[in-house]
Amino acid sequence: EAQVTQNPRYLITVTGKKLTVTCSQNMNHEYMSWYRQDPGLGLRQIYYSMNVEVTDKGDVPEGYKVSRKEKRNFPLILESPSPNQTSLYFCASSLDHGEQYFGPGTRLTVT
Amino acid sequence: QKEVEQNSGPLSVPEGAIASLNCTYSDRGSQSFFWYRQYSGKSPELIMFIYSNGDKEDGRFTAQLNKASQYVSLLIRDSQPSDSATYLCAVNWGSNDYKLSFGAGTTVTVRA
């Protein structure tokens, strides 16, 4: 089954404790992206990757890191999480343009 | 700051009626436009995309694009309770097909 998977689905952590949210796709898509979704603000792009080893900033990259060492994986790293990073995070992948397939989401709470 | 604006809603329509959703965007260079549907607690899913001015129909859905007015809309004909969801407008910026901005979404409720 073609899909985008994210882990964990739910995470509660404390300020400053490094964490990684994994994202993996099995559709051989070149493009992957991370978004956060907050009430009233919609989806905002954090980082995106056009291919292995090629990443670029989206609209809200501060406080986040990404890497793309393999085509199928695109982890999101929060080196020192803060409460304002409490949000619902979505990973997405695409073959081209903006026709993106989204993962199930990761709900992160930073206390 | 490139922006995508949508009617805040919520939009309530009776079953069988037409639901009309609107979206405006700030960058005249935008090339590609998308409508995603998001059910409560679920991830967004693509329902329509449009690249050229005019109308594009897919089943009960019609997307309308007017680049001169920087306006894209979505019509849902014969609305069903299963159409109750939040609809997100998304826009690619200029020649960068991979940088995508979303509106905040319009929540639609179809009354049986």
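Residues numbered from 1 in each chain as written. Chains lettered and ligands numbered in written order. Predicted model: local features only at pLDDT ≥ 70, side-chain atom pairs only at ≥ 80, totals over all residues. Heavy atoms only, no water.

Asks: Help me understand the sheet that holds strand β3 (residues 19-25) of chain A in this model?
Replies: The strands making up a sheet associate through hydrogen bonds between their backbones, and the pairing can be parallel or antiparallel. Residues and elements named next belong to chain A. Strand order in the open sheet formed by four strands is β1-β3-β8-β7, and the pairing between neighbours is antiparallel. Each end of this open sheet is capped by a strand with a single partner; those strands are β1 (4-7) and β7 (65-66). The pairing of β3 with strand β8 (residues 76-78) spans three bridges and is antiparallel. Opposite T20, over in β8, you have I77 as the bridge partner. (Pairing = 2+ DSSP bridges. Helix = DSSP H or I, 4+ residues; strand = E, 2+ residues; numbered from the N terminus.)

Asks: Would you explain the interface of chain B and chain A in this entry?
Replies: How big an interface is tends to be stated in terms of accessible area lost as the parts join. Contact residues are listed per partner, giving 21 residues for chain B and 21 residues for chain A. Counting each side, the surface lost to burial between chain B and chain A is near 1,700 Å², with a carbon and sulfur contribution of 52%. Scanning the region where chain B abuts chain A turns up zero salt bridges. Inspection of the region where chain B meets chain A yields six residue pairs in polar contact (both at pLDDT 80 or more). Sort the elements by how many residues they give to the side of chain B that touches chain A and strand β10 (residues 96-102) of chain B lands first, with seven residues. (Contact = heavy atoms within 4.5 Å. Buried area = accessible area lost by both parts, 1.4 Å probe. Salt bridge = Lys/Arg side-chain N within 4 Å of Asp/Glu carboxyl O. Polar contact = N/O pair within 3.5 Å; in protein donor to acceptor, adjacent residues only side chain to side chain.)

Asks: Hey, could you run me through the pattern of salt bridges in this one?
Replies: Residue and element names in this part refer to chain B. Following the criterion strictly, the structure yields six salt bridges over all chains and no others. In this structure, the salt-bridge partner of E57 is R77, at a minimum N-O distance of 3.4 Å. With E57 in strand β6 (residues 54-58) and R77 in the loop between β8 (71-76) and β9 (85-93), this residue pair connects regions lying 20 residues apart in the sequence. Since its relative accessible area comes to 27%, R77 is described here as partly exposed. (Buried < 20%, exposed > 50% of the residue type's maximum accessible area, 1.4 Å probe, protein only.)

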